[in-house]
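A closer look at the structure
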Amino acid sequence: MQMSSLRIFIDFDGTITDCDVGDSIFERFLHPDLLERGWHREIIEDWKAGRISSSECLVRECENTVVSREALNQLLDGHTLTPGFGCLVEFCRREGIPLTILSDGLDYYIEFILAKYGLSEVPFHANHMFFSGTALGVDFPYVDRGCGRCANCKRWHIDSGRRDGDTVVYIGDGYSDRYAIRSVDRVFARRDLAEYCDRNKVSYTPFENFYEVMDYLENGNGKG
């Protein structure tokens, strides 16, 4: 693959991290009575079914939390990266390949986790989280871009960021990534995104870690 033409966009939750950080926050800090009656599962299903947008989902999740900065940071400190991500960042730096994180999650935890692993220089676009009393609040700097299904339209960022002659690579695992892959040349997928690609006959390369991604980018070796 021609390195000079590559541009990589990558999801955060469940892709760069081993699990979905946003889900872990709401499963830990939502009002206990809401958790007890399965409210979080219901609102996620409403979002996936298209009955509410991701911005409405995030607002409702955030405003129903009870959390302190200390408790949130303690939770975030336990999250780990998918093996090889730091090496991928170094690989892209060495080869001059632009790499950008695109997330429909929250900037606070992305900044925290990247800083923990010494990767604060990696650029990203996400929704903005803040503390509001004992709850979380959220703003949406990109909500007016795209169709409105996602609070932060990944496809808009890709279309806006690509240059003539680029070969655009997307790496993801989840629901919002299905829109992003419509604007790229090569997809690396796992979990929900891989299932979506299988159902819709979208070509992709499966991966479990970023060493596999780098091997494919360097040598064209992949599992599919």
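Please refer to the structure higher up on the page.
To start, this report covers the structure provided alongside it.

**A closer look at the sheet that holds strand β7 (residues 205–206)**
Taken in spatial order, the seven strands of this open sheet run β4-β3-β2-β1-β5-β6-β7, and their pairing is mixed. Across the chains shown, the open sheet's two edge strands, defined by having one partner strand only, are β4 (135–139) and β7. Two elements, strand β5 (residues 167–172) and strand β6 (residues 186–189), share four bridges in a ladder whose sense is parallel. Counterpart to isoleucine 171 in the pairing with β6 is phenylalanine 188.

**Let's talk about the pairing of strand β3 (residues 124–132)**
In this sheet, β3 lies alongside strand β2 (residues 99–106) in parallel orientation, the contact comprising three bridges. Considered in β3, the bridge of leucine 102 is made with histidine 125. The parallel pair β2 and β3 is bridged by helix α7 (residues 107–116), and the resulting crossover is right-handed. Pairing between β3 and β4: five bridges, direction antiparallel. Bridge assignment links histidine 128 to a residue of β4, and that residue is aspartate 139. Linkage of β3 to β4, two consecutive antiparallel strands, is achieved through a turn of two residues, within which glycine 133 is found at a positive phi near 65°.

**Here's the deal with the environment of leucine 114**
For leucine 114, the location among the structural elements is in helix α7. Residue leucine 114 is classed as buried on the basis of its relative accessible area, which comes to 2%. For the pair leucine 114 and glycine 86, spaced 28 residues apart in sequence, the C-alpha separation works out to 9.7 Å.

**Quick word on the packing of helix α6 (residues 85–95) against helix α11 (residues 210–219)**
For the pair α6 and α11, the least separation of the axes is 8 Å and the interaxial angle reads 30°. When the interaxial angle is binned, α6 and α11 end up roughly parallel. At the point where α6 passes α11, the crossing takes the left-handed sense. Counted together, Phe85, Cys87, Leu88, Phe91 and Arg94 of α6 and Phe210, Tyr211, Met214, Leu217 and Glu218 of α11 form the full contact between these two elements. Its residues assigned to classes, the contact of α6 with α11 shows eight nonpolar, no polar and two charged.

**What to know about the nonpolar core**
Formed by 58 residues in total, the largest nonpolar core has its most connected members in Phe85, Leu88, Ile171 and Leu217. Among residues more than four places away in sequence, those in contact with leucine 88 are Ile10, Leu99, Ile171, Phe210, Met214 and Leu217. Val168, Val184, Tyr196 and Cys197 belong to the second-largest nonpolar core, a separate cluster that totals 15 residues.

So, how was this worked out
- Residues numbered from 1 in each chain as written.
- Predicted model: local features only at pLDDT ≥ 70, side-chain atom pairs only at ≥ 80, totals over all residues.
- Heavy atoms only, no water.
- Pairing = 2+ DSSP bridges.
- Helix = DSSP H or I, 4+ residues; strand = E, 2+ residues; numbered from the N terminus.
- Right-handed = clockwise from strand over helix to strand, strands pointing away.
- Buried < 20%, exposed > 50% of the residue type's maximum accessible area, 1.4 Å probe, protein only.
- Axes fitted to C-alpha atoms, helices over the stretch in contact; angles between N-to-C directions.
- Parallel < 35°, antiparallel > 145°, perpendicular 65-115°, else oblique.
- Left-handed = near helix turned anticlockwise from the far one by under 90°.
- Contact = heavy atoms within 4.5 Å.
- Nonpolar A, V, L, I, M, F, W, Y, C, P; charged D, E, K, R; others polar.
- Core = buried A, V, L, I, M, F, W, Y, C linked by side-chain atoms within 4.5 Å.

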